[in-house]
Amino acid sequence: MYLQSASLLGARAWICTRAHAVRIWLGVLVAVGSLHPAWLAQRAVCGLVTCFCCLTVLQEIASFEGFTSPWYKQLLFIVLGICTFGVLFLVAKWSMKARTALRFSKCPLQQAKFVRVTLQDGRSSLHEVEVLRPAGTSTHPYLSPEQHPDLLAEAGFPLQERLLEYRCARYFYVDGSDSFLPVPDVPKSFNSQLAASAARLAAANEPRVLEDHEWQLTDRQQRYGSNEMAIPVKSVAALVADEMWHPFYVFQYFSILIWVAGDAYWTYAICIGVITWFSIITSALETHQNMRRLADIAQFSCMVEVLRGGSFKQMPSQTLVPGDVIAVLPGTLPADCVLLTGECIVDENMLTGESVPVRKVPYNPSVEGLAYDPDKHSSCTLYGGTMVAQARALGGDYADLGISPSAATGGVALAMVVRTRFYSAKGQLLRSILYPRDSSESFVSDSLKFIAVMLVACIGIFIWAAVVLASVGAQPTRIVVRFFDMITIAVPPALPACLTIATVFSIGRLRKIGIYVTGPHTITLAGQLDVVCFDKTGTLTVQGLELQSIVPVNNGRFEPSSTDMQQLPPDIPRLLASCHGLAWLGDTLVGDPLDQKLFAASGWTLQDKQQQNGGMAAPPAGGSGQQLALVHPPGRPDAGASVVRRFEFSSQLQRNLVVVKLPGSAGASTTTPAEDGGHALAAADAAGITEDLLGAAVPSLGSVHHSASSPALAGVAAATTATHVLYVKGSPELIKTLVQGSSVPPDFDRVLSEYTREGLRVLALARGVVAAGSLPEGAVKQYSQQQLEAAVPLELVGLAVLANPLRPDTSGAIQALQKAQIRTAMVTGDHVRTAVSVAHLCNILPVGRPVLLMDAAPAGTIGSSPLALSVLYPDGSVNHTVSRAAVLPQVMMGELECAVTGKGFDALLIPPYDQELLQPMLRRGSVFARMSPDNKRDLTELLGSGLQGAGPGCPKLGLHVGFCGDGANDCGALKAAHVGVSLCEAEASVAAPMTSKQQSITSMISVVAEGRCALLATYQIFQFIVGYAMAQAFATNLMYTHALQMGNYQYLIQDLFYITILAALMGYTEPRKALARSKPVGRVLSLPLILSLCLQIAVVIVFQLVALGALHRIPWYTPTVGSPDLRTYIAPETTVIYLINLAQFIILGAVFNKGYPHRQPLWTNWGLLVAMILQVLFLIYSLFSVDPFTIKVQQLVGKDPPKGLPDAFRAGLLAIMAVNAAAAVLAEVLSTYSLRLIAKGQTSSWWRRRKGAADPAMRQGLLGPVLLGSTMSGQISGKGSAPGSLPVHLPTLQPPSGAALL
């Protein structure tokens, strides 16, 4: 018989991976009660996984096929289903192809009532098409589709719209393409609407003009539907009806029928039947609860202030569509919006895991550009599902537009809806969880292939048994029943449990140490990781930054560094106090930690707009009423400065800028209407809006012509005549290109190199003075950031040097991963020299080895190479005249390390791809500096399955990639990686499939250890279950050759009290503390697993035959021949085979539960050890005891002749069991030794040549002969080398580790 009790977990794992299945499978709720998914309740996202894990990944759609449902096919289907006693109904339920063939007829998509959607991998599903009446611009102004269909069709107006909803996305049928096309996340015309609206709002400060843009409300309402994320929740009865007809349960019903009709195994059949239905009902109840929890989390609605018809109206959030203008109020956002006016402080913990509230600023076309993207321009995007903690306006009172008094007080922040329902950020995250990335199906497919081979072998043995049964007079019907019984034995339905048991235990152990898993499929993927990328700041280093010193610059020369603001020029503390994006949230100052450190170092006081409105301080004399914030020295508000414009930090620009109005400067001058119009035109020009478009949008401005011209900027007025000052801080190499050359010290690069070599973070500080009359009127308010930087001469005023020390455990964790043959890399936004220095400190880069720096070639460089290559030597010198033909092979050989900048990375991804440069970067790059969030995501994809949307020729390494980060900038990479671990305070976040509250990269070691442990345990449990099935199947066939059958309770004891307990507790073994150098094999059909399993099956078969052979040595023994109806249960043969089977199950459980190298030894698993000891004692009791339990229940023979087994034979049988155990251990040792010989052969030169032929790097000659071993005398710095000189010669170094050569 097969593992019926364990199959309960198999069924539920087959339907959806849930932790409760293990409890039902074990039958002990208390033992694993700690695995109750409390991690599902704290945050929405944790519970999302448990409901729909059976759903497939959202992949590219291969085709749409149209179908209709003729009445005659429906009638014929019902008749045939009844005639086949419901078998046809089941076939149609399980097979999509059979269902469509039996019930539907194919037709053109334009006429289809049902559509079959087929994915690229061949999976398909059928969905009903909804027919809608055309809306908006699709309708004729006079003719009705009902009255004049022919005229409308002739004029090209659609008579109806055909809508298909598939996987939370909407598709509309398009005649021209004869297909269903998806509704875009953002309307195609949205960017033009947004840019025009922003320009009009800036020009007129009147929200009503935003509605002048002619976008069709009804069109978008029809295209995008209601703004709600409704997830259907089936009733418990419906779930029971669905689950009870799952193939696994139908197989259970068939098995129960065979047992009852064929063998009258009533006790066993009733027991399994009760447990099966208990599993079905509890599974349905749990699924219903999880689906309800998921639906409650997804569904959100509230009342929103929406601008409709020229005034604000309170409307339900379900009515929102992209393009709506809403008032932003504190609370949860119902959709993704782009901020138009005002500022907001938002808690994005649910999306990113970032515990620090984020400040949002209005959309500025001159900064973000006209190609707005809500995923890239996060600084002005309010994401649905996040919490607005504070919203405030920077001016304007819209109470007269019907807005509620609470929202209109002091003005209101306005935003435009950009994405709704499942197209929003929250919706996309929900979709990614509902349809997770399709993990490798090799385990299931390989397992089924192996089971098929085993089934064929069992059927072959049964043919031999069937011949014997026929010779003793067994009826053909009984032989057929025995055939089906053999199938129920040889095909273990508990196979799906192999995918979940160890994973569930690993999730529980990780949760105990503060690592929360929202994607269970990532556990086993963690066991196969090849490379792990780490963010630097806050991940490899501590979260905070410490200001080490300020190095002032005066007249183009560095002055002594200091942290005493009294000793520094006055511009520096004012710059540190004002050049940031900090804001007050109640009594807490929120914003970037770096900005907070620099602001605290200034010692100044910040009063933002809200505090000023509250009467805490008044603007300085002559200050602008439009100021964003006021900063002043302690106790001296009259000496403060007003921040009137702020350009937030951008990872693309690598800097931020503020415009400060100095105290005592002239106030805002009175302007004429014509000048106001000029300001509006300047704003439109800065936004990229033409004068014609602005004139069409606001006709009153169309006749105004901006005639002011910028005066010469040479000779800036003295500071006493200055009205404003520009303060800039950012990356030193970029600020150097913006400031005047005379303000840059000659030793700038040397000083910067000294600081970065020590791993310090350096920011350059610059200022630009705006003298009265030096800029056109209103330019300070209207110019873009680039225009201001070009119009106002900037000068370098200093360097801010910050220390960001490593976490104490970083170096050890990196070394542990490298020893485990896992490549490590740093991906950061810091300067490349700083990143290289920190990489040396934390052992990502070996000390003493030169580093090849890959940066983008300077603009105007003559040559075909997109990169500028240079070699950084251990003493800090740099050789800029190296030959790619010399250094690239040395990189691939490990003699040179590799560091890449973000600009260099971008240059390499411009088609046509330079494979000679890309391969070394991907294979050997260890440091990636100045990387933007998009760069981080792209790198993760390139290392893994390939860059999405890349053209032909773009490489991919196909590695299993992990990423560990701590902030919102890492979200893209965390999701793109196979295993993403977010270091955040949240218990769970949808930013990554795993979140760690440890705030240490040692959590990655724990994840890898648990992944390897779970993967190895999964394989071992698979081996055990298959080995058990083969042992029981062969034993049953041996009984058939004697016309015998094992008893009812014998099967029950084997399945419930041996196999179930052993298979469950095997997954409870914990991982080893130290990571092994090798990782588990990647597939079931791998030589180590198959060889081990086949040898153990051979040992099982041999010793079953040996045990029966020993039976013939008893003097009074005569072979038993059972009755032709196969209902003889008590016989010496059945007793011997039953007992040897029990022993073999224990032996298989012990042999397959190997600990080394990824799991703890067997004796550390106390539950399994105790269970095995009790099973051995029960076996010895059954072997030597003769009492009512062994005779009546276990149906064993006694000790007396002629059918008994004497004590001497029983002792001999025990010795056979011991020899069986020794032979099993020897077989496992032989398997391991054989594999070592094979591995040794693979390291031979022939094998390396064969593997090298498949390596694209070797095929391209990247690993050709190189010149090594020369001294570096006189060539370290490369001084005196001319372009095109001989290749640089490098010293002979220690060979790189295996991890480095991945």
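These remarks concern the structure in this document. Keep in mind that what you see is a predicted model, and the values were worked out from it rather than measured.

Thresholds, definitions, all that
Residues numbered from 1 in each chain as written. Predicted model: local features only at pLDDT ≥ 70, side-chain atom pairs only at ≥ 80, totals over all residues. Heavy atoms only, no water. Helix = DSSP H or I, 4+ residues; strand = E, 2+ residues; numbered from the N terminus. Buried < 20%, exposed > 50% of the residue type's maximum accessible area, 1.4 Å probe, protein only. Contact = heavy atoms within 4.5 Å. Areas by Shrake-Rupley, 256 points an atom, 1.4 Å probe, with all protein chains shown as cover. Axes fitted to C-alpha atoms, helices over the stretch in contact; angles between N-to-C directions. Parallel < 35°, antiparallel > 145°, perpendicular 65-115°, else oblique. Left-handed = near helix turned anticlockwise from the far one by under 90°. Nonpolar A, V, L, I, M, F, W, Y, C, P; charged D, E, K, R; others polar. Pairing = 2+ DSSP bridges. Core = buried A, V, L, I, M, F, W, Y, C linked by side-chain atoms within 4.5 Å. 1 Å grid on protein atoms, 1.4 Å probe; cavity = no way out; pocket = protein on both sides within 12 Å on 5 of 7 lines; lining within 4 Å. Points joined across faces, edges and corners; volume = space filled by probe spheres on them. Phe/Tyr/Trp six-rings, centres within 6.5 Å; stacked < 30°, edge-to-face > 60°. Lys NZ or Arg CZ within 6 Å of the ring centre and 35° of its normal.

1. Side note on the overall build of the protein
When helices and strands are counted, the protein shows 46 helices and 40 strands. In the protein, which comprises 1302 residues, the proportion classed as buried is 57%. When contacts within the protein are restricted to residue pairs at least 6 apart in sequence, long-range pairs at least 24 apart make up 74% of them. By element, 60% of the accessible surface of the protein is carried by carbon and sulfur atoms, the whole surface being about 51,900 Å².

2. So, the packing of helix α40 (residues 1087-1111) against helix α41 (residues 1132-1152)
Relative orientation of the contacting elements α40 and α41 amounts to 155 degrees, with a least axis distance of 10 Å. Relative to α41, α40 is oriented roughly antiparallel. Crossing hand, α40 versus α41: right-handed. Residue-level inspection shows S1092, L1093, Q1096, V1100, F1103, Q1104, A1107, L1108 and L1111 of α40 in contact with α41, the latter providing P1132, E1133, V1136, I1137, I1140, N1141, Q1144, L1148, V1151 and F1152. A per-class count over the contact of α40 with α41 returns 13 nonpolar, 5 polar and 1 charged.

3. A look at the sheet that holds strand β2 (residues 105-107)
By way of backbone hydrogen bonds, the strands of a sheet pair with one another, either parallel or antiparallel. Here we have 4 strands laid out as an open sheet, ordered β2-β1-β3-β4, and antiparallel in their pairing. At either margin of the open sheet sits one strand with a lone partner, and together these are β2 and β4 (124-128). Averaged over all neighbouring strand pairs, the angle between strand axes comes to 40 degrees, with direction disregarded. In the sheet, strand β1 (residues 61-68) pairs with strand β3 (residues 114-119) via 6 bridges, with the strands oriented antiparallel.

4. Considering the nonpolar core
Formed by 94 residues in total, the largest nonpolar core has its most connected members in W259, F1024, V1026, L1111, L1139, F1209 and L1213. Among the elements that take part in this core, helix α38 (residues 1002-1040) stands out by supplying 17 residues, more than any other. Filtering out sequence-adjacent residues up to four positions away, L1139 remains in contact with L1179, S1182, L1183, L1196, L1213 and M1217. Grouped together as the second largest cluster of nonpolar side chains are 47 residues, A502, A820, M994 and I1001 included.

5. Section: the environment of V836
With respect to the element layout, V836 can be found in helix α32 (residues 832-841). Separated by 78 residues in the primary sequence, V836 and E758 have C-alpha atoms spaced 9.7 Å apart. Filtering out sequence-adjacent residues up to four positions away, V836 remains in contact with L845, V851, L853, L872, A899 and V927.

6. Remarks on the sheet that holds strand β26 (residues 629-632)
The antiparallel open sheet is built from 9 strands, whose spatial order is β22-β21-β31-β30-β29-β28-β27-β26-β25. Whereas interior strands pair on both sides, the edge strands pair on one side only; in this sheet they are β22 (557-558) and β25 (605-608). The sheet contacts of helix α22 (residues 571-578) involve β21 (546-554), β26, β27 (641-650), β28 (655-661), β29 (722-730), β30 (761-771) and β31 (795-803), and relative to β29 the element is tilted by about 70 degrees.

7. Considering empty space enclosed by the protein
This structure, assessed with the given rule, holds 5 cavities of 30 Å³ or more. Estimated volume of the largest cavity: approximately 90 Å³. The wall of the largest cavity is formed by 14 residues, among which M229, A298, F300, P334 and K426 lie closest to the centre. Split by residue class, the lining of the largest cavity holds 6 nonpolar, 5 polar and 3 charged.

8. Overview of the packing of aromatic side chains
Counted by the stated rule, this structure contains 20 aromatic pairs. Taking 4.9 Å as the distance between ring centres and 85 degrees as the angle between the ring planes, the aromatic pair formed by F505 and Y1068 counts as edge-to-face. Here Y1068 lies in the loop between α39 (1048-1066) and α40 and F505 lies in helix α19 (residues 501-512), a separation of 563 residues in the sequence. A relative accessible area of 39% means that Y1068 is categorised as partly exposed. Residues Y1028 and F1145 carry aromatic rings whose centres are separated by 5.6 Å and whose planes lie at 70 degrees to one another, so their mutual orientation is edge-to-face. Taken as a pair, Y1028 in helix α38 and F1145 in helix α41 lie far apart in primary sequence, 117 residues in all. In this structure Y1028 comes out as buried when scored by relative accessible area, which is 0%. A relative accessible area of 0% places F1145 in the buried class. These aromatic residues form a ring-pair network of at least three members: F64, Y166, Y171, Y173 and F180. Above the plane of the ring of F172 lies R223, whose end atom (NZ or CZ) is 4.3 Å from the centre.

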